[in-house]
Amino acid sequence: KAAKGYELGASTTSQPSLEESQSFEAFLRGPCRLSQRLINSVMYAVALLPAAADKEPLTMAEGMSRVQKFLGGLGRFGKTAFLCPIYGTSSMNQAYCRLGSVHGATFILRYAPSAVLQDASTGKVAGVRFATGQVVRARAVIGGPQTGLFK
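Along every chain, residues carry numbers that run from 1 in the direction the sequence is written. Confidence filtering applies because this is a predicted model: local features only for residues at pLDDT of at least 70, side-chain atom pairs given and counted only at 80 or more, and all residues used for totals across whole chains, interfaces and linings. To obtain the side-chain values, all non-hydrogen atoms of the structure were included, while hydrogens and water were left out.

### Details of the pattern of salt bridges
How we decide: By definition here, a salt bridge exists when the distance from a side-chain nitrogen of Lys or Arg to a carboxyl oxygen of Asp or Glu is within 4 Å. Numbering of helices and strands runs from the N terminus; a helix is a DSSP stretch of H or I covering at least four residues, while a strand is a stretch of E covering at least two. Remark: exposure states derive from per-residue accessible area (1.4 Å probe, protein chains only) relative to the maximum for the residue type, with buried under 20%, exposed over 50%, and partly exposed in between.
Here the structure, examined in full by the defined rule, presents two salt bridges. Note that E25 is salt-bridged to R29, the shortest N-O span being 3.0 Å. Of this pair, E25 and R29 are both found in helix α1 (residues 24-29), four residues apart, which corresponds to roughly one turn of the helix. For E25, a relative accessible area of 27% puts it in the partly exposed group. Between R66 and E62 there is a salt bridge, and its shortest N-O distance comes to 2.9 Å. Taken together, the positions of R66 and E62, both in helix α3 (residues 60-73) and four residues apart, correspond to about one turn of that helix. When its relative accessible area of 34% is taken as the criterion, E62 is described as partly exposed.

### Concerning the sheet that holds strand β2 (residues 125-130)
Using the following cut-off: Strand pairing is assigned whenever DSSP identifies at least 2 bridges connecting the two strands. Between the N-to-C directions of two axes lies an angle of 0 to 180 degrees, each axis being a line fitted to C-alpha atoms and, for a helix, fitted only over the stretch in contact.
The strand order across the open sheet formed by three strands is β1-β2-β3, and the pairing between neighbours is antiparallel. Because the sheet does not close on itself, it has two edges, and the strands there are β1 (113-118) and β3 (135-137). Here the strands of the sheet are splayed against their neighbours by 20° on average, with no regard to which way each runs. For β2 and β3, the ladder comprises three bridges, and the chain directions are antiparallel. Across the sheet, residue V128 finds its bridge partner in β3, namely V136.

### Here's the deal with unusual backbone geometry
Negative phi is the rule for most residues except glycine; trans is the rule for most peptide bonds. Of note in this structure, R33 is not a glycine but carries a positive phi near 55°. Looking at where R33 falls in the secondary structure, it is placed in the loop between α1 and α2 (36-46). When its relative accessible area of 74% is taken as the criterion, R33 is described as exposed. At R110, a position not held by glycine, the phi torsion is positive, near 65°. Note on placement: R110 falls in the loop between α4 (90-102) and β1.

### Structural notes on the confidence of the model for the protein
The following threshold applies: pLDDT measures the predictor's confidence residue by residue and takes values from 0 up to 100. Any two residues whose heavy atoms approach within 4.5 Å are treated as being in contact.
Model confidence for the protein is summarised by a mean pLDDT of 77, while 73% of its residues fall at 70 or above. Ranking the helices and strands of the protein by mean pLDDT puts β3 first, with 93, and α4 last, with 76. Taken together, the stretch residues 1-6 has pLDDT below 50 and engages in twelve contacts with residues farther than four places along the chain or on a different chain.

This is the structure we're talking about:
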């Protein structure tokens, strides 16, 4: 199943056809009959794509997967997907945490990191060692200057 009520390759008069070979943008333009302005909004805000025209077209499967991920995140942290800044820019942290959580990120707070671990062969980040001795594997590490890890 591609999306609730729609099946890849299926075509009836009551539902738009989801051909796997079709680009996601062509689907939004053709069977869904969206305006170019609305297509741009869906591609940027829902499918989380940059607006660059030179990018490779999004496949139907990837487009539907991105829409499902976006819809799966709605209501997870409140009734809407909107944040209203109350105390200046602190809402940016909240937005980042919410978006990261929807995409599988893990946030570790109140643990003192002692080292960022690197893969010896590639030099890429491999994880973090904490002061407790615990090691957490990771593909990316984000930390503030107060950690003392990034000099």
